[in-house]
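# A closer look at the structure
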Amino acid sequence: STKSQSGVLAIKNSWNNTIVTITDTDYRTLGWVSGGTAGFRKGKRSSFFAMEKTLREGFKKAHSLGIRKVMLRMSGPAIVLRKPLFRQIREQTAMRVMKLRTIDSVPHGGCRPRKSKRRRYRTKKRRF
């Protein structure tokens, strides 16, 4: 059926863990993979390697659920590490990435920034 063909991978990528939730196009959850289920414990979940492996597992799981075309929703602060992932994903799985949506985790105006440091004057004259 065409229903099972396409789905959504929601990738929540925090500094401490990576969680991939696999849903169908109506956002009904079919399964999920996290750093923990990929076999990493405690601090190891936050490593770059754990993130890669979690994503790989997530795609594998989606593939086994019959999903061939995915839309990716990425959220979380650690999206810095995006680019290499998708290259790797395209090589490894028979998945078509249809759409990429990134949700940056800074809403509206964001939080209130820190108070500024008190600087001494004459900051300009710094020649080495």
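Structure's up top.
Note that the structure is a prediction, hence the values are computed from the model and not measured.

### A short note on the pairing of strand β4 (residues 69-75)
Here strand β1 (residues 6-13) runs beside β4; their pairing, made up of seven bridges, is parallel. When the bridges of β4 are listed, S6 appears paired with K69. Pairing of β4 with strand β5 (residues 96-103) involves seven bridges; the strand directions are parallel. Counterpart to M74 in the pairing with β5 is T102.

### Here's the deal with the nonpolar core
Of all hydrophobic cores here, the largest spans 12 residues; its members are L9, I11, V20, I22, L55, F59, A62, I67, V70, L72, M74 and M95. The set of elements that each furnish at least two residues to this core consists of β1, β2 (18-24), α1 (48-64) and β4.

### Re the packing of aromatic side chains
Scanning all chains against the criterion turns up one aromatic pair. Between F40 and F49 the ring centres are 5.7 Å apart and the planes differ by 85 degrees, which places this aromatic pair in the edge-to-face class. Note on F40: relative accessible area 10%, which makes it buried.

### Thoughts on the environment of L72
Note that L72 resides in strand β4. For L72, a relative accessible area of 0% puts it in the buried group. Note: C-alpha distance between L72 and G7 (65 residues apart in sequence) is 8.8 Å.

Parameters at a glance
- Residues numbered from 1 in each chain as written.
- Predicted model: local features only at pLDDT ≥ 70, side-chain atom pairs only at ≥ 80, totals over all residues.
- Heavy atoms only, no water.
- Pairing = 2+ DSSP bridges.
- Helix = DSSP H or I, 4+ residues; strand = E, 2+ residues; numbered from the N terminus.
- Core = buried A, V, L, I, M, F, W, Y, C linked by side-chain atoms within 4.5 Å.
- Buried < 20%, exposed > 50% of the residue type's maximum accessible area, 1.4 Å probe, protein only.
- Phe/Tyr/Trp six-rings, centres within 6.5 Å; stacked < 30°, edge-to-face > 60°.

Shape descriptors only; they carry no functional weight alone.
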